Amino acid sequence: MDSSIFEVYALRYAMHEGRKASENFLFHEDQHSSPMPLSFYLWAIKGLGRTVVVDTGFDESMARKRGRTFLHSPKDLLSDIGIKAEDVTDVIITHMHYDHCGNLGLFPKAKYHIQEAEMAYCTGRSMTYSLLRRPFESKNIKDAIDCLFQDRLIVHDGDVDLGDGIRLHKVGGHTKGMQIVSIPTQRGNIVLASDAAHFWENIHLRSPFPIVVDVQRMFAAYDVMECLADGPFHVIPGHDPKVLEIFPRLPNNADIAILHAEPVENHGLSPIAKGENQEAATVSRIAIVGMGPRGISVLEKLIKYIDEVSLDGQEVEIMMIDPGPCGEGAHSSGQHEDLLINTVASQISIFGLDSLVNGAHGPSLTEWARQAGYRRIGNRYRISNSGEGDAISDADYLPRRLLGQYLGWAFEQMTCSLPERIQIRHIRRRVLDLRKIDDETFLLELDEGPQLLANYIVLATGHGTRSPTETDLKYQSFASTAENINPSAAYYRSPYPTENLATIHERACVAIQGLGLTAYDVISSLTSARGGWFRETKERLEYIPSGNEPRILLVSRNCLPFAARGINQKGLTGSHQAAFFTLKSLDSLRHTAIVARGSPRLNFEHEVLPLIKLEMAYAYRLALQDGKVDPAEFVPSDEECEAIDRLLDPLAYEKFSSLEHFRDYFRRQVEEDLRHACLGNLTSPVKAAADVLRDTREALRAAVEFGGLTPSSHRVFVESFVPTANRISFGPPKQRNAELLALMDAGVLSVAGGPGNEIELDRERGQFCIVSRLGKEPARDYADVLISARLDVYSPLTDSSPLSNNLLASGIARPYLNGDYHPGGLDISQDLKVIDSKGCVHDRLWAIGIPIEGPHFYTHALPRSSKASRFSLDAEQCALQIVEVLSRRHASPSVMNQMEEEHKQKNQLQPARTEEVTKKIA
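Predicted model, so just to flag it, every value in this text is computed and none were measured. (Residues numbered from 1 in each chain as written. Predicted model: local features only at pLDDT ≥ 70, side-chain atom pairs only at ≥ 80, totals over all residues. Heavy atoms only, no water.)

## What about the pairing of strand β8 (residues 160–163)?
Summarising the sheet, β8 and strand β9 (residues 166–170) pair through three bridges and their orientation is antiparallel. Each residue of the ladder has a partner; that of Asp161, found in β9, is Arg167. With antiparallel pairing between neighbouring strands as the criterion, β8 and β9 make up a hairpin whose turn holds two residues, including Asp164 at a positive phi of roughly 60°. (Pairing = 2+ DSSP bridges. Helix = DSSP H or I, 4+ residues; strand = E, 2+ residues; numbered from the N terminus.)

Pasting the structure below:
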């Protein structure tokens with residue numbers, strides 16, 4: 001589009017000469033009683049065959065009522081620039097004050113554009129206060145409602161593109177739904193501020209007009225306008241008489257200013273803001289969206305590297321945007337203590353190898369818990385100053401609430417002593433949307449409060465929640481209807497927060513759909529969290545019910561129990577040393593694939609999986625032979641191959657004649673697995689083989705990431721192999737499966753369904769029916785409550801958050817695709833920068849962790865203590881790139897060259913998939 005075609009005019013139709021300067025500023029200590037009159041404008045936009053009017057002014061009768069000097073009819077002013085009111089098709093109402101919407105009847109064919117928040121404000125409870133309704137006229141509001149019922153009022157919620165570059169921007173401040181307008185013209189992008197700024201001096205002095213609903217939003221609006229505008233005097237205030245002095249006027253009407261023309265006078269006003277805004281111009285703003293573990297890891301790296309370079313007086317503000325406490329993320333310190341981590345706490349540390357805390361590395365979770373005074377008292381962890389209970393060992397699985405406390409403590413340690421140049425601000429809000437203002441600036445829309453501007457953004461939003469699927473909606477609808485028959489009927493598409501499960505009646509029967517780690521959280525929430533307890537006897541673990549437990553049914557697609565974690569015999573940093581499934585072997589496979597097929601992409605089932613199985617068989621034999629196996633001579637036996645196949649797919653070797661037959665099998669599987677877990681991950685051949693999938697994660701990443709697999713085999717990997725790997729390698733502490741058997745013995749819990757079960761809806765009983773067809777006759781179990789116990793894979797296509805939806809809708813981001821397969825996640829470059837819908841890489845927008853599970857693999861793992869990890873290196877990569885841009889802008893060449901040389905030697909600025917980094921992690 002040729003932007004020079006748009007013409008923009010300011011049309012003054014009235015004056016208020018008696019106004020004093022002190023009346024035009026909320027903070028007027030430096031103002032005086034000299035005259036500072038108000039001019040009243042409406043605005044017109046012409047070009048590309050379109051005519052858009054901004055606001056409608058008031059009529060002569062309203063001028064008399066309000067004591068204003070009426071100069072022209074708005075209709076006559078429009079006529080002077082060749083616009084007939086009856087031909088206008090679009091009118092933008094910036095807000096509903098009397099001087100901006102008093103002539104709605106003037107445009108009989110127009111559609112009116114207004115913000116939903118504005119209509120809610122001027123028709124809601126706020127209008128019960130006489131002071132707040134003083135700038136409004138009831139007739140104008142009634143006229144707007146009439147337009148609504150005539151389908152002529154278009155109600156927007158947020159920023160809107162009206163086409164051809166004309167955009168509405170919701171800023172609030174002056175009123176709840178105050179909106180401004182940006183228009184491309186021959187001299188650049190013009191912003192019609194309307195009452196977001198009455199005078200240029202309101203902006204320059206950062207002193208708002210005294211009629212204001214939200215002062216903070218008013219200040220933020222100034223920043224937004226200055227970013228949207230393309231240069232000096234491109235922000236046009238709503239009531240400043242100087243508009244007609246600074247811009248050329250229409251020859252036949254001195255009350256019409258030509259805004260698309262260059263200014264002819266500046267009256268000594270600076271084209272940029274003074275005072276606070278000049279200070280702001282020297283501040284670079286970094287926004288970290290999501291302040292769970294990944295967010296604080298990025299923060300720590302930023303603090304470290306910003307402190308290493310000279311920025312010539314430049315200050316940095318880091319905005320940490322998260323509604324919850326910094327650090328905790330999904331690991332709330334307020335959750336029930338029965339919810340456990342599934343990794344021994346001694347292997348968990350938020351700190352990298354080169355940490356700000358305690359020098360070389362900060363304490364692990366176990367070390368922190370000991371320092372804080374926690375001890376194991378029975379099956380609980382309490383602070384004990386008297387020495388009661390047992391010291392926490394390196395083999396303990398601690399409650400997740402302690403992990404939340406640890407992460408919160410880590411954040412405080414990271415930020416307790418900041419360099420002077422760094423300011424941090426925790427904004428306890430959710431980001432709803434972000435958009436690019438220019439090459440260096442993003443605008444962030446929050447769920448409440450002012451919009452924010454940032455020069456760099458890191459998305460670290462963590463786990464998402466899926467939008468309701470067709471199945472979710474079906475189950476929700478059924479449960480809602482069934483309540484008339486069965487008051488206990490309910491459906492939970494997510495069990496989190498688990499506190500919501502407290503409303504389930506103890507006489508209900510609850511079906512838990514899923515047997516993974518989330519299911520164990522639900523089981524604990526419905527049993528021990530309700531007052532039941534476990535006790536050790538000589539023979540076995542027993543569960544003593546409280547009487548508050550509902551009956552629990554376990555059901556999943558295959559109904560296979562998750563394997564317990566074996567006792568760790570490898571120490572804090574030990575791992576299986578791969579001999580077959582290695583980076584070198586993958587390079588060889590890719591070279592062969594290029595020669596054979598012309599593509600480096602691998603087939604997971606036929607090329608990668610055989611290597612994994614071979615490595616698992618090797619670990620299996622190492623356990624049997626006490627680690628004395630020469631890999632050069634190793635060939636797996638038939639028995640070893642079958643053992644690995646049984647581990648990966650046990651149902652392939654079983655047939656069941658009835659549901660009871662399957663239940664017996666399920667129990668034997670849990671018991672046998674516990675026996676192996678107690679042997680340990682070096683002694684048990686089963687646990688040693690299963691641990692290969694944990695210890696060779698970097699090889700898995702190298703095989704899979706960034707389209708390393710063919711699209712069809714990538715689907716097999718994600719939808720078949722990953723669930724299998726989770727089941728056999730990433731299961732619960734063995735304590736949990738011992739508790740599972742105790743709950744079964746107590747009659748509290750049983751297995752429903754079986755492989756291939758189905759869930760039907762019994763409308764007569766108002767219950768969910770789990771149907772198993774293992775025998776000659778179907779077996780049925782009935783549940784009042786169904787809980788979907790699975791963590792959602794993050795996909796911007798299915799995530800329920802407004803931010804995900806808006807990122808896709810605006811084209812800021814796109815879903816990652818491997819060919820025609822979408823495994824999940826946002827599309828990113830190899831240096832973690834977000835890629836937009838056109839395939840362009842954002843220079844200043846990164847994503848890290850779970851939002852990029854798709855191009856990356858296994859992003860949810862926390863760092864291991866005293867060991868390099870992908871988690872820390874990804875955070876480091878984001879931080880270093882941000883600091884590199886900051887340094888290039890503000891550091892002297894010698895300083896920049898020195899920094900580049902240092903980091904080149906450290907090899908810390910390499911793409912995440914390079915062999916050097918993967919070897920460092922492995």
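Additional details are given in the paragraphs that follow.
## Observations concerning the nonpolar core
Leu302, Leu434, Leu444, Ile457 and Leu459 are the most contacted members of the largest nonpolar core, which has 77 residues in total. Residue contributions to this core peak at eight residues, all from helix α24 (residues 870–890). What Leu434 contacts, discounting residues up to four positions off in sequence, is Phe442, Leu443, Leu444, Ile457, Leu459, Leu803, Leu807, Ile812 and Leu845. Of all hydrophobic cores here, the second largest spans 58 residues; its members include Tyr475, Phe562, Leu741 and Ile770. (Core = buried A, V, L, I, M, F, W, Y, C linked by side-chain atoms within 4.5 Å. Buried < 20%, exposed > 50% of the residue type's maximum accessible area, 1.4 Å probe, protein only. Contact = heavy atoms within 4.5 Å.)

## Focus on a negative patch on the surface
Negative charge collects at one region of the surface, where Asp230, Asp438, Asp439 and Asp843 lie side by side. The residue Asp843 is located in strand β36 (residues 841–847) in this model. (Patch = residues over 30% accessible without salt bridge, like charges linked within 9 Å, V, L, I, M, F, W, Y side chains within 5 Å. Areas by Shrake-Rupley, 256 points an atom, 1.4 Å probe, with all protein chains shown as cover. Salt bridge = Lys/Arg side-chain N within 4 Å of Asp/Glu carboxyl O. Lys, Arg positive; Asp, Glu negative; His and termini not counted. Charge placed at Lys NZ, Arg CZ, Asp CG, Glu CD.)

## Quick look at the packing of helix α16 (residues 604–624) against helix α19 (residues 685–695)
Viewed as axis vectors pointing N to C, α16 and α19 meet at an angle of 145°, and their least axial separation amounts to 7 Å. As for the relative orientation of α16 and α19, their crossing is right-handed in sense. Taken together, the residues of α19 that come into contact with α16 (itself represented by Ile612, Glu615, Met616, Ala619, Tyr620, Ala623 and Leu624) are Pro685, Val686, Ala688, Ala689, Val692 and Leu693. Split into classes, the residues belonging to the contact of α16 with α19 amount to twelve nonpolar, no polar and one charged. (Axes fitted to C-alpha atoms, helices over the stretch in contact; angles between N-to-C directions. Left-handed = near helix turned anticlockwise from the far one by under 90°. Nonpolar A, V, L, I, M, F, W, Y, C, P; charged D, E, K, R; others polar.)

## What to know about the packing of aromatic side chains
A complete count under the given rule lists 30 aromatic pairs for this structure. Considering the side-chain rings of Trp368 and Tyr374, the 6.0 Å spacing of their centres and the 35° angle between planes classify their relative orientation as tilted. Across the pair, Tyr374 and Trp368 agree in class, each one buried. Aromatic side chains Phe662 and Tyr665 sit 6.1 Å apart centroid to centroid with 40° between the ring planes, which places their arrangement in the tilted category. A residue pair is termed a helical-turn pair when its members lie 3 or 4 positions apart in one helix, as Phe662 and Tyr665 do in helix α18 (residues 659–679) at three residues. Residues Phe662 and Tyr665 agree in their burial class; the two are buried. Connected via pairs of aromatic rings, a cluster forms that spans Phe604, Phe717, Phe721, Phe730, Phe857 and Tyr858. Sitting over the face of the ring of Tyr98, Arg66 holds its NZ or CZ atom 4.0 Å from the ring centroid. Stacked on the ring of Tyr782, the Lys or Arg Arg765 has its end atom at 3.6 Å from the ring centre. (Phe/Tyr/Trp six-rings, centres within 6.5 Å; stacked < 30°, edge-to-face > 60°. Lys NZ or Arg CZ within 6 Å of the ring centre and 35° of its normal.)

## Structural notes on a nonpolar patch on the surface
A cluster of nonpolar residues, Ile145, Leu148, Phe149 and Val155, forms a patch on the protein surface that exposes about 360 Å² of accessible area. Looking at which element gives the most residues to the nonpolar patch, the answer is helix α5 (residues 138–149), with three residues. Within the secondary structure, Ile145 is located in helix α5.

## Quick word on the environment of Asp695
Structurally, the position occupied by Asp695 is in helix α19. Judged by its relative accessible area of 19%, Asp695 falls in the buried class. For the pair Asp695 and Ser829, spaced 134 residues apart in the sequence, the C-alpha separation amounts to 26 Å. With sequence-adjacent residues up to four places away left out, Asp695 is seen in contact with Lys570, Ser575, His576 and Arg864. One polar contact links Asp695 to Lys570, side chain to side chain, over a distance of 2.6 Å. (Polar contact = N/O pair within 3.5 Å; in protein donor to acceptor, adjacent residues only side chain to side chain.)

## Considering the sheet that holds strand β11 (residues 188–194)
The strands making up a sheet are joined through hydrogen bonds of the backbone, oriented either antiparallel or parallel. Spatially, β8-β9-β10-β11-β12 is the arrangement adopted by the five strands of the open sheet, whose pairing is mixed. Of all the strands in the sheet, the pair left with one neighbour each is β8 and β12 (235–237). Going from strand to strand, the sheet's axes swing by 25° on average, the running direction of each strand aside. Here strand β10 (residues 179–185) runs beside β11; their pairing, made up of five bridges, is antiparallel. Note on β11: the bridge partner recorded for Ile183 is Ile190. In this fold helix α7 (residues 215–228) packs onto β9, β10, β11 and β12, with an angle of close to 155° to the strand it touches most, β11.

## Regarding the sheet that holds strand β17 (residues 374–377)
The strand order β18-β17-β19 describes an open sheet built from three strands, whose pairing is antiparallel. At either end of the open sheet lies a strand with only one pairing partner, and these are β18 (380–383) and β19 (390–391). The pairing of β17 with β18 spans four bridges and is antiparallel. By the bridge assignment, Tyr374 is partnered in β18 with Ile383.

## Quick look at helix α23 (residues 802–810)
Those residues of α23 that fall on the buried side of the exposure criterion are Leu803, Ser804 and Leu807. Relative to the axis of α23, the buried residues are bounded by an arc of 100° and lie together on one face. Buried residues along α23 sit in contact with β15 (283–289), β21 (431–438) and β24 (456–459). Just downstream of α23, Gly811 is the residue with a positive phi angle, here 85°. (Arc of directions from axis to C-beta.)

## As for the environment of Asp223
Relative to the helices and strands, Asp223 resides in helix α7. Each C-alpha atom, one on Asp223 and one on Ile321, is 18 Å from the other, the two residues being 98 residues apart in sequence.

## Some remarks on unusual backbone geometry
Negative phi is the rule for most residues except glycine; trans is the rule for most peptide bonds. Cis rather than trans, the peptide bond between Tyr496 and Pro497 has omega equal to -5°. Looking at where Pro497 falls in the secondary structure, it is placed in the loop between β25 (490–492) and β26 (509–513). Phi at Asp151 is positive, roughly 60°, even though this residue is not glycine. Position of Asp151 among the secondary structure elements: in the loop between α5 and β7 (153–156). In this structure, Leu832 is a non-glycine residue whose phi angle is positive, near 75°. Mapped onto the elements, Leu832 comes out in the loop between α23 and β35 (833–835). Of the residues examined, Leu832 reaches a relative accessible area of 0% and is grouped as buried.

## Some details on the packing of α19 against helix α21 (residues 711–729)
Running from N to C, α19 and α21 point in directions that differ by 120°, and their axes come no closer than 9 Å. As far as their axial angle goes, α21 and α19 are oblique. At the point where α19 passes α21, the crossing takes the left-handed sense. From α19, Ala690, Leu693 and Arg694 reach across to α21, where they touch Phe721, Ala725, Ile728 and Ser729. The residue makeup of the contact of α19 with α21, split by class, is five nonpolar, one polar and one charged. (Parallel < 35°, antiparallel > 145°, perpendicular 65-115°, else oblique.)

## As for the pattern of salt bridges
By the definition in use, this model includes 51 salt bridges. Of the charged contacts, one joins Arg597 and Glu607 as a salt bridge, the two residues approaching to 3.2 Å between their closest N and O atoms. Remark: Glu607 occurs in helix α16 and Arg597 occurs in helix α15 (residues 583–597); sequence separation between them is ten residues. The salt bridge partner of Asp745 is Arg667, with a shortest N-O separation of 2.9 Å. Note that Asp745 is positioned in helix α22 (residues 734–745) and Arg667 in helix α18, a separation of 78 residues in sequence. For Asp745, a relative accessible area of 39% gives the class partly exposed. The network of salt bridges with shared partners includes Arg535, Arg540, Glu542, Arg667, Glu671 and Asp745.

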